[in-house]
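# Observations on the three-dimensional arrangement
As a plain string of letters, each chain reads:
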Amino acid sequence: MSHVWFITGTSSGLGKAMAEQVLMHDDTRVYGIGRRHTIVHENYLPINIDLSDLAVLKQFVFPSLEAQTIVLFNNAGRLGEIAYCGNLDNEDIIQSYTVNTIAPHLFCNQFIAQYQAADAKKIIINITSGAAKTVYDGWGVYGAGKAALDMFTQSIAAEQQKINATNKILAYAIAPGVMQTAMQDQIRNTEAVNFSQQQKFKDLYQNNKLYHPEDVARWFWHFVQSCDSQQETVQRINL
Ligand SMILES: NC(=O)c1ccc[n+]([C@@H]2O[C@H](COP(=O)([O-])OP(=O)(O)OC[C@H]3O[C@@H](n4cnc5c(N)ncnc54)[C@H](OP(=O)(O)O)[C@@H]3O)[C@@H](O)[C@H]2O)c1
């Protein structure tokens, strides 16, 4: 296959829309990495992993392959429990950091190890959030995990600038904007006492201001066709 994408969390929302967008095109293959798979397509290959399972994550290696383009799309994420620090469940904190931060960092590490020398266009896209930069009460674990993701993505981009020019890997952390997915359902359905800014997200929903994941996925497809090392590493989509 000419264009190979590794996408985490393809069961719903942006990950599913991204996988479907890629599979619309000729000569593409998607490896869907996650614990649930809802896509049936001859070029979709499921890799069953619970991304909160550290023991499994530590064993993961990317397959050796030849392609023109190889993309790692670290999309899977969880808000986790929306609650103030002091009322959080320890296990939930650990799960969120593992899914949102440790898993994508391990995947980046393995991706670079496996494909650094490959003769292909190689791109890492880590899905971040406005919560990496703005404080939302009740979302401390989520925001901190995404802020760490922004920073390690910037480190990778800086490291790649310093190494052999012909084999660089492009790395970005991109916030997709507020999208109509299961994550937004959770935000609107949480108890307002745990999240003082809930009304803002209810208003966005009621005023039809949420992005459709299919439109965001189309943006990412075009981004991958044209991105280069001149682009900002951390950015936010404006459709
Ligand atoms: N929606 C928004 O407004 C918004 C805004 C900014 C950033 N984002 C980011 O966008 C990305 C996609 O989120 P979404 O809005 O599309 O939410 P979503 O519909 O809830 O999708 C989340 C995906 O992550 C997977 N996932 C979560 N925990 C997992 C685990 N332990 N193991 C394997 N897979 C797991 C889910 O799989 P399961 O079905 O197995 O749970 C699902 O496929 C996330 O990184 C999120 O932080 C979203």
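In the block above lies the structure referred to throughout.
Residues numbered from 1 in each chain as written. Predicted model: local features only at pLDDT ≥ 70, side-chain atom pairs only at ≥ 80, totals over all residues.

Next up on the list: the site of the ligand. Near the ligand lie 27 residues; those nearest to it are Gly9, Gly13, Leu51, Gly77 and Thr181. Listing elements by their share of the shell around the ligand, those giving two or more residues are α1 (13-23) and α5 (182-189). For the shell around the ligand, the residue count by class is 11 nonpolar, 12 polar and four charged. (Near = placed C-beta within 6 Å. Helix = DSSP H or I, 4+ residues; strand = E, 2+ residues; numbered from the N terminus. Nonpolar A, V, L, I, M, F, W, Y, C, P; charged D, E, K, R; others polar.)

Here the focus is the pairing of strand β6 (residues 169-175). β6 sits mainly inside the fold: five of its seven residues count as buried. Note that strand β5 (residues 121-127) and β6 share six bridges and pair parallel. Looking at the pairing, Asn126 lines up with Ala173 of β6. (Buried ≥ 20, exposed ≤ 12 C-beta atoms within 10 Å, placed from the backbone. Pairing = 2+ DSSP bridges.)

Let us now look at the pairing of β5. Within β5, five of the seven residues are buried, which leaves it mostly tucked inside the rest of the structure. Direction of pairing for strand β4 (residues 69-74) relative to β5: parallel, over a ladder of six bridges. Residue pairing across strands places Phe73 opposite Ile125, the latter belonging to β5. Handedness of the crossover joining β4 and β5 through helix α3 (residues 90-115): right-handed. (Right-handed = clockwise from strand over helix to strand, strands pointing away.)

Another point: unusual backbone geometry. Its identity as a non-glycine residue notwithstanding, Asp27 has a phi of 60°, on the positive side. Considering the arrangement of structural elements, one finds Asp27 in the loop between α1 and β2 (28-34). Overall, Asp27 belongs to the exposed group, with 12 C-beta atoms counted inside 10 Å. Here Asn208, not a glycine, exhibits a phi torsion of approximately 60°, which is positive.

Let us look at helix α4 (residues 140-162). Between its first and last C-alpha, α4 extends 33 Å over 23 residues, near the 33 Å set by a 1.5 Å rise per residue. Within the span of α4, buried status applies to Val141, Tyr142, Gly143, Gly145, Lys146, Leu149, Thr153, Ile156, Ala157 and Gln160. On its buried face, α4 sits against α3, β5, β6 and β7 (234-236). (Expected span 1.5 Å × (residues − 1). Contact = placed C-beta atoms within 7 Å.)

Glancing now at α3. In this model, α3 (26 residues) spans 36 Å end to end at C-alpha, consistent with the 38 Å of a helix rising 1.5 Å per residue. When the local axis directions of α3 are compared, the greatest deviation, roughly 45°, occurs at Thr98. Close packing links the buried residues of α3 with α2 (54-59), β4, β5 and α4. (Bend = angle between axes of the 7 residues up to and from the residue.)

What follows is about the sheet that holds strand β3 (residues 44-48). Strand order in this open sheet of seven strands is β3-β2-β1-β4-β5-β6-β7, and the pairing throughout is parallel. The sheet is open, and its two edges are formed by β3 and β7, each paired on a single side. Looking at each pair of strands side by side, their axes are set apart by 20° on average, direction ignored. Pairing of strand β1 (residues 3-8) with β2 involves six bridges; the strand directions are parallel. Within β2, the residue paired with Val4 across the bridge is Arg29. Packed onto the sheet, α1 meets β1, β2, β3, β4 and β5 and runs at close to 160° relative to β2. (Axes fitted to C-alpha atoms, helices over the stretch in contact; angles between N-to-C directions.)

The next thing to look at is the packing of α3 against α4. Two elements in contact, α3 and α4, have axes whose closest approach is 9 Å; the angle formed by their N-to-C orientations is 10°. Viewed along their axes, α3 and α4 adopt a mutual orientation that is roughly parallel. Side by side, α3 and α4 meet where Ile93, Ser96, Tyr97, Asn100, Thr101, Pro104, His105 and Cys108 of the first sit next to Val141, Tyr142, Gly145, Lys146, Ala148, Leu149, Phe152 and Ile156 of the second. Per-class residue counts for the contact of α3 with α4 are 10 nonpolar, five polar and one charged. (Parallel < 35°, antiparallel > 145°, perpendicular 65-115°, else oblique.)

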